[in-house]
Amino acid sequence: MATLWRRRERFLGVLGRLCRTVRALSGKNEYDLLVIGGGSGGLACAKEAAQFGRKVAVLDYVEPSPKGTKWGLGGTCVNVGCIPKKLMHQAALLGSALKDAQHYGWNIAQPVHHTWSVMAQAVQNHVKSLNWGHRVQLQDKKVKYFNMKGSFSDPHTIRGLTKAGKETIVTAENIVIATGGRPKYPMHIAGALEYGITSDDLFWLKESPGKTLVVGASYVSLECAGFLTGIGLDTTVMMRSIPLRGFDQQMASLVTEHMECYGTKFLKRCFPTKVEKLEGNRLQVTWKNTDLGTEETDCFDTVMWAVGRAPDVKTLNLDAVGVKTSSETGKIIVDASEATSVPHIYAIGDITEGRPELTPTAIAAGKLLARRLFGQSSELMDYDNVPTTVFTPLEYGCVGLSEEAAVQCYGSDNVEVYHAYYKPLEFTVAERDATQCYIKMVCLREREQRILGLHFIGPNAGEVIQGFALGIKCGATYPQLMKTVGIHPTCAEEITKLHITKRSGLDATVTGC
Amino acid sequence: VFPSEAAKYEKKVMVLDFVTPTPLGTSWGLGGTCVNVGCIPKKLMHQAALLGQALQDSRKFGWQFPEEVKHNWMTMTESVQNYIGSLNWGYRVALREKKVTYENAYGEFVGPHTVKATNKRGVEKLYTAERFLIATGERPRYLGIPGDKEYCISSDDLFSLPYCPGKTLVVGASYVALECAGFLAGVGLDVTIMVRSILLRGFDQDIANKIGEYMEEHGINFIREFVPIKVEQIKEGTPGILKVTSKSTKGNEIIEGEYNTVLLAIGRDACTRKIGLDKVGVIINEKTGKIPVNDKEQTNVPYIYAIGDILQDKLELTPVAIQAGRLLVRRLYAGATTKCDYVNVPTTVFTPLEYGACGYSEEAAVEKFGEENIEVYHSHFWPLEWTVPSRDNNKCYAKIICNIQDSERVIGFHVLGPNAGEVTQGFAAAMKCGITKEQLDSTIGIHPVCAEVTTKCGKSSPGTAEVKSPSLVFQSDTA
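Not measured: the values here are computed from a predicted model. (Residues numbered from 1 in each chain as written. Chains lettered and ligands numbered in written order. Predicted model: local features only at pLDDT ≥ 70, side-chain atom pairs only at ≥ 80, totals over all residues. Heavy atoms only, no water.)

The next point concerns the overall build of chain A. In terms of regular secondary structure, chain A is built from 14 helices and 23 strands. Scaling as 2.2 N^0.38, a compact globule of 513 residues should have a C-alpha radius of gyration of about 24 Å, and chain A matches this with 25 Å. Structurally, chain A occupies a C-alpha span of about 80 × 65 × 45 Å along its principal axes. For chain A, buried positions account for 57% of its 513 residues. Here the contacts in chain A between residues at least 6 apart in sequence split such that 63% fall between residues at least 24 apart. Counting 57 positive and 52 negative side-chain charges, chain A places the centres of these two groups 9 Å from one another. (Helix = DSSP H or I, 4+ residues; strand = E, 2+ residues; numbered from the N terminus. Rg over C-alpha atoms; globule rule 2.2 N^0.38 Å. Buried < 20%, exposed > 50% of the residue type's maximum accessible area, 1.4 Å probe, protein only. Contact = heavy atoms within 4.5 Å. Lys, Arg positive; Asp, Glu negative; His and termini not counted. Charge placed at Lys NZ, Arg CZ, Asp CG, Glu CD.)

A separate point is the overall build of chain B. Counting secondary structure elements, chain B contains 13 helices and 24 strands. Relative to the 2.2 N^0.38 estimate, which gives 23 Å for 479 residues, the radius of gyration of chain B is 24 Å and therefore close to what a compact globule would have. For the C-alpha atoms alone, the extent of chain B along its principal axes is close to 70 × 60 × 50 Å. For chain B, the residues scored as buried account for 55% of the 479 residues in total. Across chain B, the fraction of contacts at a sequence separation of at least 24, relative to all contacts at a separation of at least 6, is 61%. Approximately 20,100 Å² of chain B is accessible, and the part contributed by carbon and sulfur atoms is 50%. (Areas by Shrake-Rupley, 256 points an atom, 1.4 Å probe, with all protein chains shown as cover.)

Right, let's get into the pairing of strand 14 (residues 241-248) of chain B. All names here are of chain B. The sheet contact formed by strand 13 (residues 226-235) and strand 14 spans eight bridges and is antiparallel. Residue Pro228 lies in a different strand from strand 14, and its bridge partner there is Ser246. Hairpin geometry of strand 13 and strand 14 is characterised by an intervening segment of five residues between the two adjacent antiparallel strands and by a positive phi of about 150° at Gly237. As paired strands, strand 14 and strand 15 (residues 254-259) are joined by six bridges and run antiparallel to one another. Residue pairing in the sheet places Val244 in a bridge with Gly257 of strand 15. What sits between the antiparallel neighbours strand 14 and strand 15 is a turn of five residues. (Pairing = 2+ DSSP bridges.)

The tally for this structure, following the rule as stated, stands at 13 aromatic pairs over all chains. Seen in terms of ring centroids, Tyr422 of chain A and Phe456 of chain A are 5.6 Å apart; in terms of plane orientation they differ by 25°. Their pairing is stacked. Here the residue Tyr422 of chain A occupies a position in the loop between strand 21 (415-421) and helix 12 (425-430), and Phe456 of chain A occupies one in strand 23 (residues 451-457), the gap between them amounting to 34 residues. Phe456 of chain A shares its class with Tyr422 of chain A; the two are buried. Between Phe413 of chain B and Phe427 of chain B, the aromatic rings sit 3.7 Å apart at their centres with planes inclined by 20°, giving stacked as the arrangement. Linking Phe413 of chain B in strand 23 (residues 409-416) with Phe427 of chain B in helix 12 (residues 420-432), this pair joins segments that are 14 residues apart in sequence. Here Phe413 of chain B and Phe427 of chain B have matching classes, each one buried. One aromatic cluster in this structure is built from Phe109, Phe132 and Tyr303 of chain B. Looking at Lys210 of chain B, its charged tip hangs above the ring of Tyr397 of chain B, at a distance of 4.4 Å from the centre. Positioned over the ring face of Tyr342 of chain B is Lys314 of chain B, at 4.8 Å from the centre of the ring. (Phe/Tyr/Trp six-rings, centres within 6.5 Å; stacked < 30°, edge-to-face > 60°. Lys NZ or Arg CZ within 6 Å of the ring centre and 35° of its normal.)

The next point concerns the UniProt feature "binding site: FAD" (unreviewed entry) in chain A. Residue and element names in this part refer to chain A. In the numbering adopted here, UniProt assigns the feature "binding site: FAD" (unreviewed entry) to Lys86, Gly150 and Asp350. Judged by maximum C-alpha separation, these annotated positions cover 265 residues in sequence and are scattered in space, the widest gap reaching 30.4 Å. Among the structural elements, Gly150 can be located in strand 5 (residues 149-154). Beyond its immediate sequence surroundings of up to four residues, Gly150 is in contact with Leu59, Ile158, Arg159, Gly160, Thr315 and Leu316. If you trace the backbone, Asp350 turns up in the loop between strand 18 (345-347) and helix 10 (359-374). Once residues within four sequence positions are removed from consideration, Asp350 is found in contact with Gly180, Gly181, Lys331, Glu357 and Leu358. (UniProt positions renumbered as here; feature names shortened; annotations may be inferred.)

Residue and element names in this part refer to chain A. The first and last C-alpha atoms of helix 9 (residues 249-262) sit 20 Å apart over 14 residues, in line with the 20 Å expected at 1.5 Å per residue. For helix 9, the full list of buried residues reads Met251, Ala252, Leu254, Val255, Thr256, His258 and Met259. Among the structural elements, helix 8 (219-230), strand 12 (265-268), strand 20 (396-400), strand 22 (438-444) and strand 23 are those in contact with the buried residues of helix 9. N-cap assignment for helix 9: the residue whose side-chain oxygen lies 3.1 Å from the backbone N of Gln250 is Asp248. Directly beyond the C-terminal end of helix 9, a positive phi value near 125° is found at Gly263. (Expected span 1.5 Å × (residues − 1). Polar contact = N/O pair within 3.5 Å; in protein donor to acceptor, adjacent residues only side chain to side chain.)

Before going further, it helps to spend a moment on the interface of chain A and chain B. Tallying the contact residues gives 85 residues for chain A and 84 residues for chain B. Regarding the contact of chain A and chain B, the summed buried area is about 7,400 Å², with carbon and sulfur atoms giving 70% of it. The tally of links from chain A across to chain B stands at three salt bridges. With a closest N to O distance of 2.6 Å, Glu385 of chain B and Lys86 of chain A form a salt bridge. For the interface between chain A and chain B, the tally reads 24 residue pairs in polar contact (both at pLDDT 80 or more). It is helix 4 (residues 82-103) of chain A that provides the largest number of residues to the side of chain A that touches chain B, a total of 14 residues. (Buried area = accessible area lost by both parts, 1.4 Å probe. Salt bridge = Lys/Arg side-chain N within 4 Å of Asp/Glu carboxyl O.)

Let's shift gears to the UniProt feature "active site" (unreviewed entry) in chain B. Residue and element names in this part refer to chain B. In the numbering used here, UniProt assigns the feature "active site" (unreviewed entry) to His447. For His447, the position within the fold is in the loop between helix 13 (437-441) and strand 24 (458-459). Since its relative accessible area comes to 10%, His447 is described here as buried. Of the polar contacts made by the side chain of His447, one reaches the side chain of Glu452; its length is 2.9 Å.

All right, on to the domain arrangement of chain A then. By convention, interface size is frequently given as the accessible area that disappears when the constituent parts associate. All names here are of chain A. Along its sequence, chain A is carved into domain 1 (2-61 + 147-183 + 310-374), domain 2 (192-307) and domain 3 (394-496). Of note, the centres of domain 2 and domain 3, computed from C-alpha atoms alone, are 30 Å apart. Counting residues at the interface gives 10 residues for domain 2, matched by 13 residues for domain 3. Carbon and sulfur atoms supply 62% of the area that domain 2 and domain 3 bury against each other, a total of about 1,100 Å² over both sides. Considering only the side of domain 2, the residues that lose the most area to domain 3 are Asp248, Met251 and His258, jointly responsible for 48% of the buried surface there. On inspection of domain 2 and its partner domain 3, the count reaches one salt bridge. The salt bridge partner of Lys440 is Asp248, with a shortest N-O separation of 2.9 Å. Counting the contacts that link domain 2 with domain 3 gives six residue pairs in polar contact (both at pLDDT 80 or more). Among the residues making up the side of domain 2 that touches domain 3, the classes are represented as five nonpolar, three polar and two charged. (Domains from an automatic or database assignment. Nonpolar A, V, L, I, M, F, W, Y, C, P; charged D, E, K, R; others polar.)

This part covers the UniProt feature "active site" (unreviewed entry) in chain A. All names here are of chain A. Here, the residues flagged by UniProt with the feature "active site" (unreviewed entry) are His488. Given the relative accessible area of 11%, His488 is considered buried. Side chain to side chain, His488 and Glu493 meet in a polar contact 2.8 Å long.

Attention now moves to the sheet that holds strand 10 (residues 212-215) of chain A. Residues and elements named next belong to chain A. Pairing within the open sheet is parallel, and its five strands lie in the order 9-16-10-11-12. Sheet topology places strand 9 (197-198) and strand 12 at the edges, where each strand pairs with a single neighbour. Across the sheet, helix 8 is in contact with strand 10, strand 11 (235-239), strand 12 and strand 16 (302-305); its angle to strand 11 comes to roughly 165°. (Axes fitted to C-alpha atoms, helices over the stretch in contact; angles between N-to-C directions.)

All names here are of chain B. Position of Val280 relative to the elements: it lies in helix 9 (residues 277-280). By relative accessible area, Val280 is classed as buried at 13%. Each residue touching Val280, except ones within four places of it in the same chain, is listed here: Phe109, Gly111, Pro112, Val301, Tyr303 and Ile304.

Turning our eyes to something else, we now look at the pattern of salt bridges. Counted under the stated rule, the structure contains 51 salt bridges over all chains. Across the pair Lys497 of chain A and Glu494 of chain A runs a salt bridge, and its minimum N-O distance is 3.6 Å. If you follow the salt bridges from partner to partner, you end up with Asp204, Asp206, Lys210, Glu362 and Lys399 of chain B in one network.

Right, let's get into the pairing of strand 6 (residues 157-161) of chain A. All names here are of chain A. When strand 5 meets strand 6, the two strands line up antiparallel, connected through five bridges. What sits directly across from Ser151, in strand 6, is Arg159. Once strand 5 ends, the chain turns through two residues before running back antiparallel as strand 6. The pairing of strand 6 with strand 7 (residues 167-177) spans five bridges and is classified as antiparallel. Residue pairing for strand 7: Ile158 is matched across the bridge by Val170. Joining the antiparallel neighbours strand 6 and strand 7 is a turn of five residues, in which Gly165 adopts a positive phi near 95°.

This is the structure in structure tokens:
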């Protein structure tokens with residue numbers, strides 16, 4: 001038996017070498033570029049390469065979630081990330097708008113009710129139209145699309161497996177890994193896997209999640225809890241320690257403070273110990289409150305885990321080709337040109353170590369990579385000063401360093417922080433609380449006063465921050481911003497009017513119209 | 001602002017503010033045009049209209065409420081006026097706190113360094129000062145036709161109108177006309193705009209036309225190339241019924257129409273003719289009434305300065321006036337030398353489809369630099385929030401104009417879409433820093449927001465402003 005097995009192995013080895021030799025002799029890989037992963041990064045890279053007249057293929061496959069949820073081409077952002085998230089966030093914002101409208105003269109009888117299935121259907125339909133659009137785009141650009149799960153046989157060979165188990169071998173000169181990540185389950189908690197869902201499932205639920213517990217302190221957790229609260233659901237966030245780790249902590253506190261005023265319940269410094277199913281499909285969650293040292297329980301209709309994401313590398317068979325991953329995170333290690341430890345194999349997007357997990361950076365990295373490979377460009381991706389926005393009920397947009405990072409880097413004596421509490425004009429008539437509407441600009445203190453970081457909490461935070469991110473890319477200084485005339489009346493103009501420093505200790509509340 | 005600023009330097013400061021009532025008797029408190037009859041009430045009523053749209057959208061997002069929702073003009077106007085009242089009060093308090101003397105009186109020069117202040121009751125007082133600052137702003141112009149002052153209203157009256165204006169004719173093509181028409185239609189009124197020639201003169205005409213098109217598609221009637229020649233009252237009331245007779249600008253055709261309200265928005269005139277400027281020798285532009293100043297906001301009389309809407313060749317915007325005033329005071333009393341930078345001042349038109357702009361319009365850029373020396377990048381976009389309600393696909397638009405000879409520096413920025421002001425502000429800051437197309441392209445977008453389109457604009461066919469193929473509308477590049 002063992003002999004047979006060794007002979008089989010030797011045979012496969014010989015076959016493999018034979019294939020490679022044949023390929024080497026003919027000098028031809030089937031494709032110039034093979035991209036594994038049809039998400040933001042992968043598709044951008046593939047389409048860009050195709051523009052240069054290259055033969056390109058994309059493999060995309062969605063392993064169903066433990067609950068069985070799956071989706072089409074487009075990756076996390078399109079299917080279970082940015083897009084459905086922002087649409088559901090919009091549904092929640094519209095709920096607030098309905099309340100405001102009364103003050104502005106619209107006669108709507110309160111309270112107004114929300115139907116999950118109408119929203120979910122509309123969101124899912126839009127996502128499906130995007131899946132379709134991506135398929136069409138790939139076709140138009142003559143990129144070959146395989147709905148298959150890919151794994152490495154050798155540095156230029158990928159074994160693709162369809163859902164039905166059919167195998168296809170694909171060879172390519174260059175391979176880009178862009179398989180992204182999937183939500184983590186806290187496997188050490190009894191019942192977590194059987195009874196909990198993740199963001200992979202939330203956006204595809206056909207029925208309302210009802211009374212929901214969201215476990216986690218990530219932006220995923222806060223954004224989801226935020227819109228669930230906004231559409232009228234009883235929502236609780238359970239956090240082990242601090243919210244939005246890695247973000248400016250003063251801003252993170254303001255975000256959660258607002259959510260609390262908005263109606264989201266918080267269980268701070270708590271962690272779950274088990275999840276059990278009750279009669280009638282309700283879930284009972286038991287947790288430890290580390291502050292009080294007590295154990296507590298409550299019942300929910302839905303428990304959603306938002307405790308981080310893990311890179312999707314397990315089934316790639318990276319060992320077979322020697323692509324190095326981080327021992328700590330499992331992500332693929334790349335250099336400044338997105339190259340892995342193996343020549344001709346690259347990686348972009350959420351799967352890469354040390355890179356922001358954002359769609360626009362994945363897209364940009366993918367495009368630049370394609371241009372370097374096929375377009376005689378040498379431009380590398382600049383990961384500095386990437387702006388981002390957390391779409392919580394009161395949005396938080398930022399670019400550059402947090403205050404604590406700036407202080408750590410330059411010392412508090414060398415950092416000047418300008419700030420202001422402001423009130424959006426639209427909140428006045430609507431009688432809305434603007435306590436957490438706040439702006440902070442972190443600058444170097446020395447004469448030029450270059451801006452190190454800008455933080456904005458308020459409506460349309462993403463729209464506000466984008467333009468300033470452009471300025472920071474040009475090395476904007478505080479004086480330059482002060483020379484910029486404001487647009488009136490907007491929230492963004494308050495940034496051009498910042499003049500109270502934290503150092504002065506003066507009241508930073510904006511007065512006047 | 002400036003009185004408070006000057007008082008900071010322990011100067012003895014006085015402010016004279018007086019509002020001559022409109023022909024129909026409307027008046028208001030301290031704060032000027034912006035606070036009382038401009039930016040503030042305008043934006044709030046624009047918000048009321050946007051909320052009307054939000055109501056429609058919200059059904060598609062799962063919200064349920066009775067089919068017909070009506071708007072109550074009085075509820076809105078009262079809320080708006082209450083807020084304005086709080087601002088008037090706030091300014092009174094601020095002046096008091098900063099020890100600035102405030103008189104609600106009409107000021108006019110009577111001789112060198114001397115001003116006569118006349119209050120509402122006709123009581124006169126004389127005041128002398130070392131320096132004077134004229135910031136009297138403007139008031140809406142009337143047509144000079146029979147019935148205009150008796151029966152028509154202006155923006156001075158609209159924001160505190162104590163009854164719903166009903167079926168309205170807006171005369172004019174200024175941003176005031178379009179913004180007002182926009183929100184009136186947005187709260188459910190039957191609105192017609194009568195335009196003599198082009199829309200938004202001075203703004204990028206490509207964008208101006210898109211704005212007009214959008215408004216038309218959303219139920220606002222346009223009567224082009226006509227001017228009113230007579231307004232008569234058919235029925236008294238609040239509102240009553242007015243008959244407007246108009247003549248074509250292109251021939252002899254006469255048309256008539258009946259409206260509850262006629263809103264004139266044909267321009268504004270500087271309040272400089274009756275403040276005794278001749279008594280102190282301040283030169284004004286006789287035709288426009290505006291005051292020419294040097295780059296230090298000084299008139300031809302060394303101790304008399306001027307800022308704001310009355311300045312010749314300067315932008316009529318609140319933030320510009322504030323900036324100029326602040327810097328002037330610092331130069332006069334704090335030894336500063338910084339002058340007001342009037343270049344690349346951003347602005348936003350709060351029409352139903354908002355328009356944010358900074359720098360050159362396409363036609364101005366072509367005229368200044370030559371067609372072959374500019375590159376125009378553009379893109380249509382569909383805000384994610386409009387997909388679910390299936391609304392206005394392919395209407396939003398961004399255009400970036402670059403100077404090829406100066407490293408493709410961005411010299412013009414235009415965006416048509418929701419929250420245009422919020423989007424444009426940061427961009428204006430970037431333009432102040434001299435951003436180039438290359439830097440723009442290397443900046444990462446925030447996803448998914450409208451503003452990220454600015455990092456993704458593609459080339460138009462070179463030169464011609466008419467022939468432009470919009471880049472891919474589909475969001476796949478972003479999603």
